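Structural overview
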Amino acid sequence: MDRRALLCGLAGAALTACGGSAPTKTGGVGTARPGDRLASTADIAVGSGKLIDLPGNAQLLLVQPSEGQFRAFNPTCPHVGSLVNPPARGVITCPLHGSTFDASSGAVTKGPAPRGLTEVAITRSGGDLLLA
């Protein structure tokens, strides 16, 4: 066996032993169902937001643009599908090509995204945010 074959075999064995690469998160609700708890209202700071992991390897972006106002968006950028970052100073940014979105409405404020983020219906029950 030559050196190249040995190294290739070892690399393949290492990937197999480690389970390959981690699954990529997708935007949306995944396999979550209406009524499922998403987060505590205390987890989402005013003027900020948080990416929440959901069943089915999905993520949802929860934001609190002003005191007591909570919204949820599919964090998939409509440009090429990468996941956006939580808001900073009221702006949600796509790290791939720089599209920006208003944190209170999800509306696109700077392209190349052709449209805003898709809102996902949520409800509040006491101190919890639930999928509607």
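Residue numbers run consecutively from 1 along every chain, following the written order of its sequence. Per-residue local features are limited, in this predicted model, to residues with pLDDT of at least 70; the limit for side-chain atom pairs, both in listing and counting, is 80 or more; totals at the level of whole chains, interfaces and linings are taken over all residues. Only hydrogens and water are removed before side-chain values are computed, so all heavy atoms of the structure are retained for them.

Quick word on the pattern of salt bridges
Salt bridges are identified by distance alone: a Lys or Arg side-chain nitrogen within 4 Å of an Asp or Glu carboxyl oxygen. For the coordinates displayed, the defined rule picks out three salt bridges. Close ionic contact of R71 with E119 constitutes a salt bridge, the shortest N to O distance being 2.5 Å. Here E119 lies in strand β9 (residues 119-120) and R71 lies in strand β5 (residues 69-73), a separation of 48 residues in the sequence. Put simply, DSSP H or I for four residues or longer makes a helix, DSSP E for two residues or longer makes a strand, and each gets a number counted from the N terminus.

Brief notes about the sheet that holds strand β6 (residues 91-93)
When DSSP finds two or more bridges between a pair of strands, those strands are recorded as paired. Strand order in the open sheet formed by three strands is β6-β7-β8, and the pairing between neighbours is antiparallel. Looking along the sheet, the strands with just one partner apiece sit at the ends: β6 and β8 (108-110). Along the sheet, successive strands turn relative to each other by an average axial angle of 35°, direction set aside. By the bridge criterion, three bridges tie β6 to strand β7 (residues 100-102) in an arrangement that is antiparallel. If you follow T93 over to β7, its bridge partner there is T100. Axes here refer to lines fitted to C-alpha atoms; in helices the fit is confined to the stretch in contact. Angles between the N-to-C directions go from 0 to 180 degrees.

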